[in-house]
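# Tertiary structure, described
Here's the letter readout for the chains.
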Amino acid sequence: MSAERLAPRPAVRWTILAGVGLLFLIPIASMIGFTLRDAGGGSTLEHWTGLADPANAGRYRPIWTGIGNSLVLAVVTVGIVLFLLAPTMVLITLRYPRLRRPFEFLCLLPISIPAIVLVVGLTPVYLTIGRTLGTGAWTLAFAYGITVLPYAYRAIQSNLDGIDVKTLAEAARSLGADWLTVLLRVLAPNLRGGLLAASLISVAVVLGEFTIASLLNRQNLQTAVFVVSKQDPYVAVAFALLALLFAFLLLLVIGRVGRIAGTPRRRRTRPAQETS
Amino acid sequence: MIALAPEAAVGTGHRVRSRRMPSLSAVGLLPFGAYLAVFLALPTLLAIASGLVGGDGAFTLENLAALGDPVILTTFWNSTWLSLLTAAVGAVVGGLLCYAMLGFPADGRVRSVVDAASGVLAQFGGVMLAFAFIATIGLQGVVTVLLRDALGVELYAEGAWIYELPGLVLPYIYFQVPLMVITFLPAMTGLKPQWAEANLTLGGTPAGFWWRIGIPVLAPSFLASFLLLFANSFSSYATAAALSSQGSSIVPLQIRTALTSETVLGRENLAGALALGMIVVMAAVMGLYALVQRRAARWQS
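What this report covers is the structure whose coordinates are included nearby. Note that this is a predicted model, so its numbers are computed, not measured.

## Comments concerning the overall build of chain B
Per the secondary structure count, chain B includes 13 helices and zero strands. Secondary structure elements in chain B, listed N-terminal to C-terminal, are α-α-α-α-α-α-α-α-α-α-α-α-α. Here the contacts in chain B between residues at least 6 apart in sequence split such that 73% fall between residues at least 24 apart.

Pasting the structure below:
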């Protein structure tokens, strides 16, 4: 990259990276060490092998329920992003460019409203929802759609900025396509990088959400690990490790997808280079 | 606002279709608009309103008096210094890391790993980070035991502070540094190499570049990131809730106590008043952020 001239010397940059990196690895290494500990002070793998032991199934049931709920929540939240947010953003780009700034403000607003504050206002809303739609965990997805809004908006908007939505839509319309076809078969494929990045970051945020679920008394992955930690801290730490690892891999994929989505102009002129 | 839209569409070159479309396409805005109204606007207004409504449902400013209660003032002060401290440490360490990142190619392996790790720790952490620190410096944590057995250092000679306010400092720094990397790295990589070249051509030194150009140009972005970090730890709940299941040392935990028990400090609707207080602080910080960010954007083109 062009930043070479400003960059610190290799010795300096590696020292900083290694120093901070090692400090940040201490808690992770401690988690691994903690899960390998046995009652007598030696080391053992039984906390890990115990995860798959049917005898413990009852004790760990909250976690499996939590994982199931969190996956359902992730799917519904991604649905909100893809079928509610994305079409609205396309519509605003095509028809209401003047609404772009106010819309952006609204979408980024949830960053400045703490989840704990949102919970205070969501409690009465969810009382009503509980009476009409039931108290199923999936209903939380409506709240999560708001939580992921800033991240999803940014991912999709950077992709929208990179393609000429108007020209694409007009070309398709003049060839006789209806609006649904334009949206699904012309725009969506061009936006797939942004839509994928938005979906993945939404999944990561939903899987990591604790505040709203815990205070509205719904079970998800995070509240389940918290509950199990009261009885068996070793298993809780083991699951925390697995969850962090999973999120790390998810975000590595996002990084790759984002990089492809973030350079649409170059991709169109030199397709071969970006596919590597 | 919507009334403006048809002209905008016509103005950019749609002739035939746009006159027919506006009414139909305005309908397209409705589903998402309704969604935002019910799940963003309504809860926010309810949170604010519940701080201004008494037990009988009438408008009152009495709940706000709770914000002047010494206990509540202490909680806000705790939240503030915790956020200032961890944001400052996070900004400095994260800034240093961003500086080091300048030397690694943007699409290289090191950057990918640092980006992903930052994302995990800054956005996904929550409860998991609490467990990480219980495993590390908890009463039976790996580092605690190591210090005790190898060096004879008793980490908790003066009580189990990990489950109290001081125990939040390290976990908070642990998610502030990665957030700094995420928010500050774009500004750092936005520095133009031409400026460094111009500096050298005009006889400046590399150190002089940072003092005269680099730091002044980056200062607004740095301040903006610092404010974002402050807002982040001020509003953070999960890590603190998982670490201390009883306490109410910071505002989010105080809201939890107020939500889960009927009356706190002999007051009703305290959660609403606290939420209102948080919104005021967050609005001030984010307003300042927007101002500083505008100043920072001057150099980012």
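Once the structure has been displayed, the description carries forward.
## Some details on the overall build of chain A
Scanning chain A for helices and strands turns up 14 helices and zero strands. Reading the helices (α) and strands (β) of chain A from amino to carboxyl end gives α-α-α-α-α-α-α-α-α-α-α-α-α-α. Per-residue burial over chain A gives 41% buried out of 276 residues.

## Notes on the environment of Arg61(A)
Within the secondary structure, Arg61(A) sits in helix H3 (residues 57-95). Residue classification places Arg61(A) among the exposed positions, given that 12 C-beta atoms sit within 10 Å.

## Notes on the interface of chain B and chain A
On the chain A side, the residues contacting the 75 residues of chain B number 72 residues. Taken together, the residues of the side of chain B that touches chain A break down into 57 nonpolar, 14 polar and four charged.

## Section: the environment of Gly247(B)
Residues and elements named next belong to chain B. Along the chain, Gly247 turns up in the loop between helix H11 (238-243) and helix H12 (251-260). The class of Gly247 is partly exposed, set by 18 C-beta atoms lying within 10 Å. On a C-alpha basis, the gap between Gly247 and Leu165 in space is 8.9 Å, while along the polypeptide they are 82 residues apart. In this structure Gly247 touches Glu164 and Leu253, once residues within four positions along its chain are discounted.

## Some thoughts on the packing of helix H1 (residues 10-35) of chain A against helix H4 (residues 70-101) of chain B
Orientation of H1(A) relative to H4(B), taken along the N-to-C sense of each, is 140°, at an axis distance of 8 Å. With respect to H4(B), the element H1(A) is oriented oblique. Classified by chirality, the crossing of H4(B) by H1(A) is left-handed. Between H1(A) and H4(B), the contacting residues are Arg13(A), Ile16(A), Leu17(A) and Val20(A) on the first element and Val93(B), Leu96(B), Leu97(B) and Ala100(B) on the second. Of the residues assigned to the contact of H1(A) with H4(B), the class counts are seven nonpolar, no polar and one charged.

## As for the environment of Ala204(A)
Tracing the backbone through its elements, the reader meets Ala204(A) in helix H9 (residues 192-207). For Ala204(A), a count of 23 C-beta atoms within 10 Å puts it in the buried group. For the pair Ala204(A) and Leu251(A), spaced 47 residues apart in the sequence, the C-alpha separation amounts to 7.8 Å. For Ala204(A), the contacting residues outside a window of four places in its chain are Ala247(A), Leu250(A), Leu251(A), Gln123(B) and Phe124(B).

## Examining the packing of H3(A) against helix H6 (residues 141-162) of chain A
Residues and elements named next belong to chain A. Direction vectors running N to C along H3 and H6 enclose 45°, while the axes themselves pass 9 Å from each other. Looking at the two axes, H3 sits oblique to H6. Crossing hand, H3 versus H6: right-handed. Taking contact as the criterion, the partners of Leu73, Val76, Thr77, Ile80, Val81, Leu85, Ala86, Met89 and Thr93 in H3 are, on H6, Ala141, Tyr144, Gly145, Val148, Ala152, Ile156, Gln157 and Leu160. Here the residues of the contact of H3 with H6 are counted per class, giving 13 nonpolar, four polar and no charged.

## Focus: H6(A)
Residue and element names in this part refer to chain A. Here H6 is 22 residues long and its end C-alpha atoms lie 29 Å apart, about the 32 Å a rise of 1.5 Å per residue gives. Residue Leu149 marks the point of greatest curvature in H6, where the axis turns by about 55°; the proline Pro150 follows within four residues. Of all 22 residues that make up H6, 16 are buried, and the element is covered over most of its length.

## Considering unusual backbone geometry
Residues and elements named next belong to chain A. At Asn217, a residue that is not glycine, the phi angle is positive and equals roughly 60°. When you line up the elements, Asn217 lands in the loop between helix H10 (211-215) and helix H11 (221-231). Residue Asn217 is classed as exposed on the basis of its C-beta count, with 10 C-beta atoms lying within 10 Å.

What counts and what doesn't
- Residues numbered from 1 in each chain as written.
- Chains lettered and ligands numbered in written order.
- Predicted model: local features only at pLDDT ≥ 70, side-chain atom pairs only at ≥ 80, totals over all residues.
- Helix = DSSP H or I, 4+ residues; strand = E, 2+ residues; numbered from the N terminus.
- Contact = placed C-beta atoms within 7 Å.
- Buried ≥ 20, exposed ≤ 12 C-beta atoms within 10 Å, placed from the backbone.
- Nonpolar A, V, L, I, M, F, W, Y, C, P; charged D, E, K, R; others polar.
- Axes fitted to C-alpha atoms, helices over the stretch in contact; angles between N-to-C directions.
- Parallel < 35°, antiparallel > 145°, perpendicular 65-115°, else oblique.
- Left-handed = near helix turned anticlockwise from the far one by under 90°.
- Expected span 1.5 Å × (residues − 1).
- Bend = angle between axes of the 7 residues up to and from the residue.

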